[in-house]
Amino acid sequence: PPHPGGFRAAAASTAATAAADLPAMSSPIRSSAAVIPTAAEDSSADGRDSSSVLQQECTRLLVEDSGSMGDCAGRRGRAPRWLYASVPVAAVLLVAAAFVSSHQHTTLRAGKVQSEFEVLVETSDEQALEAGKPKVLPDADMMLQSDLMKQAMEQQAGLVESEQKLADLQRTQEEKVEKMQREREAKEAKEKREKKEREEAARKAVAQKKAEAAKKKAEAAKKEADEKQKEEDRKRREAAEKQEQEEPKQESGAGMSMLLGALDEILEGSPPTTTTAPPKTKAHGFEILSNGTCHGHGLFPIAHSSVCSLAASELVLADNTSKVSNATSRPEGCYLEEGKLWFAENEQNKGHGSSHDRQQLCMTKGRKHDEDERLEKLVEKQAEEKVKQAEAKAAAEKRHKEELKKEREEKKERAEAKKKERKEQKLQKHLDKEERVVQSWENDEKTVPNVTLYCFSLMMPFGYEPGLLHEQKLRGVGIYACDEAVVFSNTTTLMSGEPSPVEISLIPGTLAVAYGGRWMTALNTGVFNRLWMEVIRLGRYRYHDWVVKVDPDAVFFPSRLRELMRHKSPYNEKQVQRRIEEPKKLKCGNCRLKGKEHETCASHVRLWQQEGHTCKKALELTSRDPPNDCGCDCDDFACDLPGSAMYLNNCQWGLHGPIEVLSRRAVATYAAGLPKCVGLLQNPWGEDKFLDQCMQELGVTRANEYSLLSETACGEEPAPCGNSNVAFHPFKSIQSYFTCYEYANKYGQGPASPPVFPDLEAQGDGLGDGMGDIMMKYQEHSI
C-alpha cells in the first residue's frame, strides 16, 4: 500500500474536485474503470495471483486518479464484473441527484465540507489499512446531513448567546436610564436652588440700588438747595448788614442739620438703648450663633447695620448700636464681640461664621423677607419726601436761573455789538490790503506766460506700477496732468500675460539691474541712459519748456510745478523758458546760401545775435530763402543763450530720482555731451547721482529747489502730504497714493499759490465773505 501521507493527499484532491464541480466526475470514473483488468485476465496473462495484481493496480489508481476508488473496492471483494461496470453509472446518478437537491448548500459550505471530508477519509483509510479491509468512502448525503445538523447546533448556540446578550443589553439600558433619571432630578434640584438664590440676590440688589438712587437724588437736591441758598444770602448781604445776614444762615444750617439727623435716625432704625430684660439667644426671627455660619443653620446673615441694631434690641442685648468694622476674618454681617455690637462691611468676610470670641447674629427667612420689605418701603418713603423737597427747591432755582440767564444775555448782546463793530473795522482794513495784493497778483498773471511740461515715467511690466499708472490715467493726475505724457517700458505685455493697461513707448534692452554701492541701491544708470536717449530720439521734449521724469509711486502735482516755474527766479527768466514756437518742419543743417554751404545754420543765427538782434529776430532773418539768407528753419537751440541749460536739485544730499526736472536745453546738452561722462560710469552709482554729476561735468546750471520733493530717503516725512511740495515719495499702493493726493489737495498749498491771510480766516460769523469773493475772482482768472 502507498505511504499514508500520499494517500491523504490523493483523498484531499478528490474531495476538492467533488466540491468544485461534482457533475464532472462521471467521465474520470468511467475512464478509470475501463483500464482496471479483471482477475481472469490477470491470471491468464502472467500466472500471478489475481488478488495481488488487483491490489497493486488499485493502489496506483488511488494515487493517480482517486475517482476509481469504488471500482477497486468492488474488484478486491471479488464482485461480478457486470457490477464493476454498473458502479460508475450508479455513482454518476447518485452524485447528480445530490448536486440538484443541495447545490446551494454545497457551494456555500464547500470549504467546511472539504475539511470534514478529509477527516473522515483519513480516519477511514487508516482503519482500512490497519484491518486490511476494503476502504469505504463517505456518502455525500451523509456529509450534507452532518453539515446541516452542525449548522442547526451552531444556530441554536448562537440564538442562546444572542438572547443572553440581549438580556445584558436590556439590563445595561435600564441601569443607564435609571442613572440619567437620578442625574436629571439632581440637576433640577440644583437649578431650583440656584434660581432661588439668584432671585434673592436680585431682590437684594434692587433694594440696594433703589436706596442708593434715593440717597444720590437727595444729595443732589440738597446740593442744589445749598447753592440757591448761598445765592440768596449773597443778594441779601448786599442790602443788609453782615450780622443780620449770618443769623438766618445759621438757623437754616441748624434746621438742615436737625433734619438730616432725624433722617439718619429713621434710616438706622435704632431702638432704645436701655433694657431691663435678660438677653436672649432667639427672638422674633433673630438668633445668636455660638459656632458655625448662618447658612449652615438654615439662616441668613444680616446685611444692613440698622437691621443689626434692631436684632440686638429684639434679643435684649446690652449694646444695641452697631458699629461698622472693615476688618477681615470677622463673621459675615452682624456679630457680637466682648459684649459690643459690630457690623462687618468687608466683602472678604462673606461666608465666615462664629468663632470662640465672636458670635454671629442671623435671621430666619421670613424675618429677612420682612426686613427687606420694611427697608425698601422706608427708603422709598424717604426718597419721595426728598424728591418733593428737591422739586420745590428746583422750581425756585429755575426761576432764579432764568432771571440770571436773561441778565447775562442782555450783557452778552451789548458785548457782541461792540465786538462786531471792531471786527467790521478790522475787516475793512484787511479787505483793502487783500485787494491791493490780489491786484498785483493778477497783473503778474497777465504778464508771465504759461509754462508747458513734458513728463514721462519708466514702468516695470510687473508689480504695482502698471495698476498705479492706470489709476492715475483714469483720474487724470500725476504725469497725465502734464501738457504731454509718455510711459516707457521694454514690453507692451505684462509678466502675467495681460496687455499693459496704459499705452507704452518701447525702449530696447532689459530693465533688470544689479544692486550695490554704499547704500545698496539699484545700479540703473545704463537703463536710464537708454531711456533718456529714447526721449531725445523722439524729440517731443523740444516743444515744451521743462522735461520731468517722475517715478510711478511719486505723488506729483504738475500745477504746483508750473506755478513754481512761472513765478520764481531764476526759473522764470527768459533765456530758460521756451519763448519761440518750434518750426513746423525743422531744417537746421547747413546754410543754403551760395558760397556758404560749408557753414551751419546755427553759426548764422549767432552772427545775427552778435549784431544785436534777439534770438527770435535772428531766427527769422536766417529763415529767409536765398539769396536773402540761408533758408534755415531752426528753433531756439541754434541761439546763443547763456544759462538757459538748467536742472533742479531736489535734495540737500544731491539729486534724487523720484522726480527730475530739466530745462529742454539741459536735455539737449546732456544728449550732446554724454560721451564726456563715460568716465563716470565706472562708479557704483544710481542713475540720479550719475545724472547730477554728468550735468555738473557739462557745465549745466544746478539750481537747488528743496520744495520740489518730500521724500523719506531725503530725511523728511512725506505723509500725510500736508506740505507745499511738488511731489511726495514713496506711495506704492493705489489707496496710499490717492490718500496722499486728496490730503495734499485739501490741506497742502502750492509753492507759488496766491497769498492767504490766516488771521482773517480765523475770524468767524461770516466775516470772511469778502476774502471768499476775492479768492473766487482769482480762481476764475486762473482758469
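Residues numbered from 1 in each chain as written. Predicted model: local features only at pLDDT ≥ 70, side-chain atom pairs only at ≥ 80, totals over all residues. Heavy atoms only, no water.

### Brief notes about the environment of L317
One can find L317 in the loop between α11 (305-314) and β4 (323-325). The class of L317 is buried, set by a relative accessible area of 8%. In sequence terms L317 and T281 are 36 residues apart; their C-alpha atoms lie 9.5 Å from each other. (Helix = DSSP H or I, 4+ residues; strand = E, 2+ residues; numbered from the N terminus. Buried < 20%, exposed > 50% of the residue type's maximum accessible area, 1.4 Å probe, protein only.)

### Digging into the side chain of E397
Here E397 lies in helix α12 (residues 365-447). Of the side chains bearing the opposite charge, K401 lies closest to the buried E397, which forms no salt bridge; the N-O distance is 4.8 Å. Excluding its chain neighbours within four sequence positions, the residues that come into contact with E397 are E224 and K228. (Lys, Arg positive; Asp, Glu negative; His and termini not counted. Salt bridge = Lys/Arg side-chain N within 4 Å of Asp/Glu carboxyl O. Contact = heavy atoms within 4.5 Å.)

### Description of the pattern of salt bridges
One pass over the structure, following the stated rule, counts 30 salt bridges. Of the charged contacts, one joins R171 and D168 as a salt bridge, the two residues approaching to 2.6 Å between their closest N and O atoms. Of this pair, R171 and D168 both sit in helix α9 (residues 140-239), separated by 3 residues, roughly a single helical turn. A residue is classified by how much of its surface remains accessible, and R171, at 42% relative accessible area, is partly exposed. D168 gets classed as partly exposed once you look at its relative accessible area, which sits at 28%. Ionic pairing is found between D372 and K368, a salt bridge with its closest N-O pair at 3.2 Å.

### Re α11
Burial analysis of α11 places 7 of its 10 residues in the buried class, the great majority of the element. Looking at α11, one finds that the buried residues are S306, V307, C308, S309, L310, A311 and A312. A positive backbone phi angle near 55° is found at V316, which sits one or two residues after α11.

### Concerning the confidence of the model for the protein
For any part of a model where pLDDT is low, the fine detail of the predicted coordinates should not be relied upon. In this model, the protein carries a mean pLDDT of 75, and residues with pLDDT of at least 70 account for 69%. Under a pLDDT of 50 for its full length, residues 61-78 has, in the predicted model, 39 contacts with residues more than four places off or in other chains. (pLDDT = per-residue confidence, 0-100.)

### Section: the pairing of strand β7 (residues 358-363)
Summarising burial for β7: 5 of the 6 residues are buried, a large majority. Across 4 bridges, strand β2 (residues 286-289) lies against β7 in antiparallel orientation. In the strand pairing of β7, E287 is matched with C362. In the sheet, strand β3 (residues 300-301) pairs with β7 via 2 bridges, with the strands oriented antiparallel. By the bridge assignment for β7, P301 is matched with C362. Sheet topology places strand β5 (residues 333-337) next to β7; 3 bridges connect them, and they run antiparallel. Looking across to β7, one finds that L336 is bridged to Q359. (Pairing = 2+ DSSP bridges.)

### Topic: the nonpolar core
In terms of nonpolar packing, the biggest core is built from 33 residues, with F456 and F488 touching the most fellow members. Of the residues forming this core, the biggest block, 6 residues, is contributed by helix α14 (residues 525-538). Once you skip the residues sitting within four places of it in the chain, F456 turns out to touch V486, F488, L531, W532, V535, V547, V548, K549 and V550. Counting 29 residues, the second largest nonpolar core, distinct from the first, contains L453, L494, L564 and L708. (Core = buried A, V, L, I, M, F, W, Y, C linked by side-chain atoms within 4.5 Å.)

### Structural notes on the packing of aromatic side chains
The relative placement of two aromatic rings is captured by the distance of their centres and the angle of their planes. This model, assessed by the stated rule, comprises 9 aromatic pairs. On the basis of an interplanar angle of 65° and a centroid distance of 6.3 Å, the ring pair of F738 and Y741 is categorised as edge-to-face. Taken as a pair, F738 and Y741 lie in helix α20 (residues 734-747) at a separation of 3 residues, close to a single helical turn. By relative accessible area, which is 5% here, F738 ends up buried. Residue class for Y741 comes out buried when judged on its relative accessible area of 16%. The rings of Y454, F456, F488, W532 and Y670 are connected pair by pair, giving a single aromatic cluster. One residue, K323, lies across the ring of W342, its end atom 5.6 Å from the ring centre. When the ring centre of F300 is taken as reference, the NZ or CZ atom of K368 above it lies at 5.7 Å. (Phe/Tyr/Trp six-rings, centres within 6.5 Å; stacked < 30°, edge-to-face > 60°. Lys NZ or Arg CZ within 6 Å of the ring centre and 35° of its normal.)

### Some words on unusual backbone geometry
In this structure, P627 follows P626 across a cis peptide bond, with omega equal to 10°. With respect to the helices, strands and loops of the structure, P627 is situated in the loop between α17 (615-622) and β15 (646-649). Here A719 and P720 are connected by a cis peptide whose omega angle stands at 5°. Tracing the sequence through the fold places P720 in the loop between β18 (709-711) and β19 (727-729). At S329, a residue that is not glycine, the phi angle is positive and equals roughly 60°.

### Considerations on the sheet that holds strand β14 (residues 555-556)
On the basis of which strands lie adjacent, the open sheet formed by 3 strands has the order β14-β19-β18 and mixed pairing. Each of the sheet's edge strands pairs with one partner strand only, and the pair in question is β14 and β18. Taken together, the 2 bridges between β14 and β19 define a ladder with antiparallel strand orientation. Pairing of F556 across the sheet is with A727, part of β19.

### Re a positive patch on the surface
A contiguous patch of positive charge, built from K411, R414, K418, K419 and R422, is present on the exposed surface. You can see R422 is positioned in helix α12. (Patch = residues over 30% accessible without salt bridge, like charges linked within 9 Å, V, L, I, M, F, W, Y side chains within 5 Å. Areas by Shrake-Rupley, 256 points an atom, 1.4 Å probe, with all protein chains shown as cover. Charge placed at Lys NZ, Arg CZ, Asp CG, Glu CD.)

### A closer look at the environment of K596
Its place among the elements puts K596 in the loop between α15 (558-567) and α16 (601-610). Overall, K596 belongs to the partly exposed group, its relative accessible area being 33%. Look past the residues within four positions of K596 in its chain and what remains in contact with it is C591 and H604.

### Overview of the environment of Y515
Tracing the backbone shows Y515 in strand β11 (residues 514-516). On a C-alpha basis, the gap between Y515 and P684 in space is 8.8 Å, while along the polypeptide they are 169 residues apart.

### Digging into the state of the cysteines
Among covalent bonds in proteins, the disulfide is the one between the sulfur atoms of two cysteines. Following the criterion strictly, the structure yields 10 disulfides and no others. In this model C294 forms its disulfide with C362; the gap between the sulfur atoms is 1.8 Å. Its S-S torsion of approximately -75° makes the covalent link between C294 and C362 left-handed. Taken together, the residues C294 in the loop between β2 and β3 and C362 in strand β7 connect sequence positions 68 residues apart. The exposure class of C362 is buried, given its relative accessible area of 0%. Here C591 connects covalently by a disulfide to C630, the sulfurs 1.9 Å from one another. On the sign convention where negative means left-handed, the S-S torsion of about -90° between C591 and C630 marks this disulfide as left-handed. Within this pair, whereas C591 is found in the loop between α15 and α16, its partner C630 is found in the loop between α17 and β15, the two being separated by 39 residues in sequence. Residue class for C591 comes out buried when judged on its relative accessible area of 2%. Owing to a relative accessible area of 0%, C630 belongs among the buried residues under this scheme. (Disulfide = S-S within 2.5 Å.)

### Section: the side chain of N349
Among the structural elements, N349 can be located in the loop between β6 (340-344) and β7. Residue N349 is classed as buried on the basis of its relative accessible area, which comes to 1%. From its side chain, N349 meets the backbone nitrogen of S329 in a polar contact 2.9 Å long. When near neighbours in sequence (up to four residues on either side) are disregarded, N349 contacts A327, T328, S329, R330, P331, E332 and A344. (Polar contact = N/O pair within 3.5 Å; in protein donor to acceptor, adjacent residues only side chain to side chain.)

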